[in-house]
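Structural description and commentary
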Amino acid sequence: MNFIAAMVVYKKEKVVNRALAILGMALVSGGFAQAAGGEVDVARLGKELTPVGADRAGNKDGSIPAWTGGDMKAPQGWRVGAPRPDPYGNDKRQFSIDATNVDRYKDKLAAGQIEMIKTVPGYRMDIYPTHRSCGYPDFFYDRTRKNAANAKLADNGYEIAEAIGAAVPFPLPRNGAEVIWNHKLNWKGEGFVAHFASYIPPKGGDSIGEAIVQDEFEMSPMWSPSNKGLADARGIEYQLLNVYTAPPSIAGDATLAQYNFAKPNDVWLYFASQRRVRRAPTYQYDAPVLNTENLEVVDQYFQFNGPLDRYNWKLLGKKELYVPYNTYQLNSPSQKVADVVKPKFFSRDLTRYELHRTWVVEATLKEGMRHTFPKRMFYIDEDSWTILVADMFDAQGKVWRTAEMGPYMAWEIPACVSGANSSFDHVSGRVLLDRVIGGGKDTDWLAAREGRLKAATFEPDGLRRATTR
């Protein structure tokens, strides 16, 4: 059943609030569903909670408005394939947070954000009015409601056992693992094709480095609006093919990954110089991502991916946080690369921050397990279930790495999606600036829906044919 058919089918047819103070953070009281699937809890969806489980109301001082349905329609005159306009481009900056005033706003910042503002010369955060722009189709809300009643984790507490796709699996989360699964199964349409570049500016200079250009294809049977569950998805969480097209030294190299439910992921690497496809069973967890100069590990990609088994996941509550949001300008192909990418960070003039409520999840390494980061803190948007900010800590409890990623609406899906993201290493003072589309072309979010991306793309036997040198 395709997207349109799913829409047609659709058209036919006790909570404890608590506030926690953790390490000085001002946590907003949030609704914890004490009995997921209970009729009282599920009935709250679409009422005092939004259809995806966020608090519908604004905050007390009005700096976060009520959710009114999201920006479901594109600005007049826009067509798919044209540069995406910024519907909030005329907003006036409210204020900036920099080294001179960061302590005034520290209760609404993550530890890594504070560290960057205090230690990275020229780093600031420009704060704009908050717009709760994220919205999804009606069938998505209907399926999310079904998950609220039926989805569950496995007995081990971290693997997912039951849920349907093209929906939020746990809109009434009871623990940190459920919140992370909401991020991992975040819906961005049935599958997409992206063309982007990554930059790793050399340390101590004014250069942004050479462009590492990539074509990326992502798809999942779980993203189909007709998906009936994990078995119907053949146990596949999602599939990814990443092909490097520049610089010449790595052009043609590729990574093919199939993320699985309840069994190890399958990864194949193709190195064009060797003309060989090799399985890479250890290319997960904290293995360095190829061509990132050790500034990103595999399970850090898109803020977090892969198995949850090495960490204990604790849900701390909600926190109002200044986060990148409605990042239309940062993700516009009409921008020049030099205007987007700077030697230490993305352009401060193009990076928009807003105040939003986030779920806070603390991940601590299990006894006997190994990972580069013994502790991680994740801040997940209540409206899109996207990890917007992630802090990674060393064994001494110091912030080691901070990653940010901001959503925007892809009206053609319609859904909130993400693109440009950064990973700053506080130890080396270097940054990875990823998924930059400035000077290129926009992501094809409808590639799978309209037949330009097919399941055969992700067959290992075709990996060599998918690459060039």
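Every value quoted in this text rests on a predicted model; they were computed, and no experiment measured them.

Now for the overall build of the protein chain. On a plain count of helices and strands, the protein chain comes out with six helices and 20 strands. A compact globule built from 469 residues would reach a C-alpha radius of gyration of about 23 Å, and the protein chain, at 21 Å, matches this within 12%. Each principal axis of the C-alpha distribution contributes one length, and for the protein chain these read about 60 × 55 × 55 Å. Within the protein chain, the proportion of its 469 residues that are buried is 60%. Total accessible area computed for the protein chain in this model is approximately 19,100 Å², and 50% of it derives from carbon and sulfur atoms. The averaged location of the 55 negative side-chain charges in the protein chain is 1 Å from the averaged location of its 59 positive side-chain charges.

With that settled, consider the state of the cysteines. For the structure shown, the criterion picks out one disulfide. The side chain of cysteine 134 participates in a disulfide bridge whose partner is cysteine 416; the two sulfur atoms lie 2.0 Å from each other. Between cysteine 134 and cysteine 416, the disulfide has an S-S torsion of -80° and is therefore left-handed. Separated by 282 residues along the polypeptide, cysteine 134 in the loop between β5 (125–127) and α4 (138–150) and cysteine 416 in strand β19 (residues 415–425) bring together distant segments of the chain. On the basis of relative accessibility, which here comes to 1%, the residue cysteine 134 falls in the buried class.

Okay, the packing of aromatic side chains next. Taken as a whole, this structure holds 24 aromatic pairs when the rule is applied. Here tyrosine 136 and phenylalanine 140 contribute two aromatic rings whose centre-to-centre distance is 4.6 Å and whose plane-to-plane angle is 20°, an arrangement assigned as stacked. Through successive ring pairs, a cluster of aromatic residues spans Trp67, Tyr136, Phe139, Phe140, Tyr141 and Trp187. A cation over a ring is seen here: lysine 184 above tryptophan 181, with NZ or CZ 4.5 Å from the ring centre. Here the basic side chain of lysine 188 rests over the ring of phenylalanine 302, its NZ or CZ set 5.8 Å away from the ring centre.

Our next topic: unusual backbone geometry. The general pattern is negative phi for most residues beyond glycine and trans for most peptide bonds. Of note, the bond from alanine 246 into proline 247 is cis; its omega dihedral lies within 30 degrees of zero at 0°. Within the element layout of this structure, proline 247 appears in the loop between β10 (236–246) and β11 (254–260). Between isoleucine 413 and proline 414 the backbone carries a cis peptide bond, its omega angle lying at -10°. Its location among the elements puts proline 414 in the loop between β18 (399–410) and β19. Although it is not a glycine, glutamate 293 sits at a positive phi angle of roughly 55°. Positionally, glutamate 293 belongs in the loop between β13 (276–279) and β14 (311–324). Accessibility expressed as a relative area gives 49% for glutamate 293, which makes it partly exposed.

Right, let's get into the nonpolar core. Grouped together as the largest cluster of nonpolar side chains are 86 residues, with contacts concentrated most on Trp187, Trp313 and Phe378. In this structure, tryptophan 313 is in contact with Gly176, Ala177, Ile180, Phe304, Leu308, Val361, Glu362, Ala363 and Phe378, ignoring residues within four places of it in sequence. The next biggest cluster of nonpolar side chains, apart from the first, holds 28 residues, and it includes Tyr105, Met125, Ala197 and Val436.

The next point concerns the pairing of β11. Along β11, seven of the seven residues are buried, which leaves the element largely enclosed by surrounding structure. On β11, burial covers both faces: Ala254, Leu256, Gln258 and Asn260 on one face and Thr255, Ala257 and Tyr259 on the other are all buried. Examined bridge by bridge, β10 and β11 share seven bridges and lie antiparallel to one another. From the neighbouring strand, leucine 240 faces β11, where its bridge partner is alanine 257. In this structure, β11 lies alongside strand β12 (residues 266–271), joined through five bridges in antiparallel fashion. When the sheet's bridge partners are listed, alanine 254 is paired in β12 with tyrosine 270. Counted along the chain from β11 to the antiparallel partner β12, the turn is five residues long, and its residue alanine 262 has a positive phi close to 65°.

As for its position among the elements, phenylalanine 302 is in the loop between β13 and β14. Counting along the chain gives 116 residues from phenylalanine 302 to serine 418, while the straight-line C-alpha distance between them is 8.8 Å. If near-sequence neighbours (up to four positions away) are discounted, phenylalanine 302 is found in contact with His183, Glu216, Glu218, Met405, Ser418 and Arg435.

Enumeration over the complete set of coordinates arrives at 31 salt bridges. Across the pair aspartate 55 and lysine 318 runs a salt bridge whose closest N-O atoms are separated by 3.1 Å. Here lysine 318 lies in strand β14 and aspartate 55 lies in the loop between α2 (39–44) and β4 (95–97), a separation of 263 residues in the sequence. The partner of aspartate 91 in a salt bridge is arginine 352, with the nearest N and O atoms 2.6 Å apart. Taken as a pair, aspartate 91 in the loop between α2 and β4 and arginine 352 in strand β15 (residues 352–365) lie far apart in primary sequence, 261 residues in all.

Now for the side chain of glutamate 362. Its location among the elements puts glutamate 362 in strand β15. What makes glutamate 362 buried here is its relative accessible area of 14%. Leave out the neighbours within four places in its chain, and glutamate 362 touches Asn312, Trp313, Lys314, Leu316, Lys375, Arg376 and Met377.

Quick look at the side chain of lysine 318 now. By relative accessible area, which is 1% here, lysine 318 ends up buried. Separated by 3.1 Å, the side chains of lysine 318 and aspartate 55 make a polar contact. Within polar-contact distance, the side chain of lysine 318 engages the side chain of glutamate 382 at 2.8 Å.

Conventions and cut-offs
- Residues numbered from 1 in each chain as written.
- Predicted model: local features only at pLDDT ≥ 70, side-chain atom pairs only at ≥ 80, totals over all residues.
- Heavy atoms only, no water.
- Helix = DSSP H or I, 4+ residues; strand = E, 2+ residues; numbered from the N terminus.
- Rg over C-alpha atoms; globule rule 2.2 N^0.38 Å.
- Buried < 20%, exposed > 50% of the residue type's maximum accessible area, 1.4 Å probe, protein only.
- Areas by Shrake-Rupley, 256 points an atom, 1.4 Å probe, with all protein chains shown as cover.
- Lys, Arg positive; Asp, Glu negative; His and termini not counted.
- Charge placed at Lys NZ, Arg CZ, Asp CG, Glu CD.
- Disulfide = S-S within 2.5 Å.
- Phe/Tyr/Trp six-rings, centres within 6.5 Å; stacked < 30°, edge-to-face > 60°.
- Lys NZ or Arg CZ within 6 Å of the ring centre and 35° of its normal.
- Core = buried A, V, L, I, M, F, W, Y, C linked by side-chain atoms within 4.5 Å.
- Contact = heavy atoms within 4.5 Å.
- Pairing = 2+ DSSP bridges.
- Salt bridge = Lys/Arg side-chain N within 4 Å of Asp/Glu carboxyl O.
- Polar contact = N/O pair within 3.5 Å; in protein donor to acceptor, adjacent residues only side chain to side chain.

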